[in-house]
Amino acid sequence: MLQHSGIGVAITGSGSAAPLTSLDNQGLSQVVDTSDEWIASRTGIRQRHLADPAVYLRQLAAEAGQRALDMAGISALDVDLIVLATSTPDDLFGTASLVQAELGAMKAVAFDLTAACSGFVFGMVTASQFIRTGAYKTVLLLGADILSRWVDWSDRRTCVLFGDGAGAVVMQARSESDRLLGFELRSDGNQNSCLTLAYQPEAKALTSELSVGQGSFHPITMNGQEVYRFAIKRVPEVIEKALFKANLSVEQVDWLLLHQANQRILDAVAQRLTVPPDKVLSNMAKYGNTSAASIPIALDEAVRDGRIKPGDVVATAGFGAGLTWGAAIFQWGN
Ligand code: ACO
């Protein structure tokens, strides 16, 4: 079904990348007082990939991006726009242009988008606006995060959850169809304190009358139970709204592709929506929570191993810090 201007969106390629180094739960129990049993039973996570200090976000993102371009059968010079969803940039001024340079996508414009674990879904909706207005034909959307830079490695309540990685999709204009069927995005800054990676200023006196704040970003803090409650309430709601806009019922969804935060959240959301477990994509056992990268990594794996087929309806939802949450319903492929 074509909406708006008559220009539709197709998602034509995917790619992913993770650091080579991984740490399993047993190894993590040498860092903090935890166990494989505790982590696996509460979260479903068995291991996570961690970027060593020589790995830059731009490299992981470019690797994932190149794979997505290859699958779509296009070159970096065909890309009009690069959107990089990340909360862990190499450079606070922006990392998307560094990814552009790594890829050689010199005809594109590139910018970062920050919406934590919702970043990929927010990015998909942002990219589709540029395509539907006719402004750009080909978008490379990346979700990439190196949360290991910002985890408090002495806090066992949070450090066991996160991992590093990158994922990407190619989104292209189509005149004959629109594969992005519906979406809904939300945020609530009143609940920001549940999950933060916040800048904390320290006064630096410039003159006797004038000080500026020169502090630093402090590691991730999280109220796990609040985040859990938020996710299992808000995620089903937002998926139902996006399905309504897509004029689809939950039975017509082939795959539920949630942000890979915690297996218990996936199970609870699927149960509330009455989606059977065999339609729920899950790979957090291998990666942990890779924030903006988790959805495109899981998508890419399912596309490459043949589970997701052209035309399949995917209901995806991101949720996390901000707080932010959002869902998009799309059909995979041309
Ligand atoms: N290993 C062993 N014991 C632990 C660990 C650990 N890694 N972490 C906490 N514990 C202990 C606590 O100290 C506590 O013990 P106590 O009762 O003696 O004090 C006990 O386990 C229970 O701790 P809780 O924090 O209450 O554990 P809970 O059952 O809530 O599970 C969890 C914690 C898994 C984080 C859960 O709250 C959760 O899944 N929340 C959602 C969090 C999430 O997914 N965040 C990311 C989503 S948003 C985003 O992606 C950025």
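Residues numbered from 1 in each chain as written. Predicted model: local features only at pLDDT ≥ 70, side-chain atom pairs only at ≥ 80, totals over all residues. Heavy atoms only, no water.

### Concerning helix α2 (residues 36-43)
Right, so step 1: Among the residues making up α2, those that are buried are Ile39, Ala40 and Thr43. For α2, the buried positions fall inside an angular range of 100 degrees around the axis, keeping them on one side.
Right, so step 2: Following α2 by one or two positions, Gly44 adopts a phi angle in the positive range, close to 85 degrees. (Buried < 20%, exposed > 50% of the residue type's maximum accessible area, 1.4 Å probe, protein only. Helix = DSSP H or I, 4+ residues; strand = E, 2+ residues; numbered from the N terminus. Arc of directions from axis to C-beta.)

### Remarks on the site of the ligand
Right, so step 1: The ligand sits among 21 residues. The nearest are Arg42, Gln225, His259, Asn262 and Asn289.
Right, so step 2: Between a nitrogen atom of the ligand and a main-chain N or O atom of Gly224, the distance comes to 2.9 Å.
Right, so step 3: A distance of 2.4 Å separates an oxygen atom of the ligand from a polar atom in the side chain of Asn262.
Right, so step 4: Protein contact buries 78% of the 1000 Å² of open area that the ligand shows by itself.
Right, so step 5: Elements with a minimum of two residues in the shell around the ligand: α2, α6 (156-159) and α7 (224-245).
Right, so step 6: The element that contributes the greatest number of residues to the shell around the ligand is α7, accounting for 4 residues.
Right, so step 7: When its residues are assigned to classes, the shell around the ligand shows 9 nonpolar, 8 polar and 4 charged.
Right, so step 8: Both domain 1 (8-178) and domain 2 (181-190 + 221-331) contribute no fewer than three residues apiece to the shell around the ligand. (Near = heavy atom within 4 Å. Polar contact = N/O pair within 3.5 Å; in protein donor to acceptor, adjacent residues only side chain to side chain. Areas by Shrake-Rupley, 256 points an atom, 1.4 Å probe, with all protein chains shown as cover. Nonpolar A, V, L, I, M, F, W, Y, C, P; charged D, E, K, R; others polar. Domains from an automatic or database assignment.)

### A few points about the packing of aromatic side chains
Right, so step 1: Counted under the stated rule, the structure contains 5 aromatic pairs.
Right, so step 2: Ring pairing ties together the aromatic residues Phe111, Phe130 and Tyr136, which thus form one cluster.
Right, so step 3: The ring of Tyr56 carries the charged tip of Arg58 above its face, separated from the ring centre by 4.4 Å.
Right, so step 4: Over the face of the ring belonging to Phe183 we find Lys245, whose NZ or CZ atom lies 5.9 Å from the ring centre. (Phe/Tyr/Trp six-rings, centres within 6.5 Å; stacked < 30°, edge-to-face > 60°. Lys NZ or Arg CZ within 6 Å of the ring centre and 35° of its normal.)

### As for the domain arrangement of the protein chain
Interface size is often expressed as the accessible area that is lost when the parts come together.
Right, so step 1: Taken domain by domain, the protein chain consists of domain 1 (8-178) and domain 2 (181-190 + 221-331).
Right, so step 2: Here the C-alpha centroids of domain 1 and domain 2 sit 16 Å apart.
Right, so step 3: Facing the 45 residues of domain 1 at the interface are 39 residues of domain 2.
Right, so step 4: In total, domain 1 and domain 2 occlude about 3100 Å² of area from one another, counting both sides; carbon and sulfur atoms represent 65% of this.
Right, so step 5: When residues of domain 1 are sorted by the area they lose upon contact with domain 2, Cys117, Val121 and Phe122 head the list and together hold 18% of the total.
Right, so step 6: Linking domain 1 with domain 2 are 0 salt bridges.
Right, so step 7: Our count for the domain 1 to domain 2 interface comes out at 17 residue pairs in polar contact (both at pLDDT 80 or more).
Right, so step 8: Elements supplying a minimum of two residues to the side of domain 1 that touches domain 2: β1 (8-17), α2, β3 (47-49), α3 (57-72), α5 (119-132), β6 (138-146), α6 and β7 (164-174).
Right, so step 9: In terms of residue count, the dominant contributor to the side of domain 1 that touches domain 2 is α5 (7 residues). (Contact = heavy atoms within 4.5 Å. Buried area = accessible area lost by both parts, 1.4 Å probe. Salt bridge = Lys/Arg side-chain N within 4 Å of Asp/Glu carboxyl O.)

### Some details on the nonpolar core
Right, so step 1: If you look at the biggest cluster of nonpolar residues, it comprises 46 residues, and the most contacted ones within it are Val235, Ile239, Leu256, Leu258, Phe319 and Ile329.
Right, so step 2: The element best represented in this core is α7, accounting for 9 residues.
Right, so step 3: The contacts of Ile239, once residues within four sequence positions are left out, are Leu256, Leu258, Val269, Leu273, Ala315, Ala317, Ala327 and Ile329.
Right, so step 4: Counting residues in each nonpolar core, the second largest holds 32 residues, with Leu81, Leu113, Ile131 and Leu257 among its members. (Core = buried A, V, L, I, M, F, W, Y, C linked by side-chain atoms within 4.5 Å.)

### Some points on the pattern of salt bridges
Right, so step 1: Applying the stated criterion to the full structure yields 14 salt bridges.
Right, so step 2: The partner of Glu102 in a salt bridge is Arg58, and the shortest N-O contact between them spans 3.6 Å. With a gap of 44 residues between them, Glu102 in helix α4 (residues 96-103) and Arg58 in helix α3 connect regions that are remote in the sequence.
Right, so step 3: Given the relative accessible area of 43%, Glu102 is considered partly exposed.
Right, so step 4: Across the salt bridge formed by Asp305 and Arg307, the nearest N and O atoms sit 2.8 Å from each other.
Right, so step 5: A relative accessible area of 47% places Asp305 in the partly exposed class.
Right, so step 6: With relative accessibility at 34%, the residue Arg307 sits in the partly exposed group.
Right, so step 7: When salt bridges with common partners are traced through the structure, they connect Arg58, Asp90, Glu102 and Arg149 into a single cluster.

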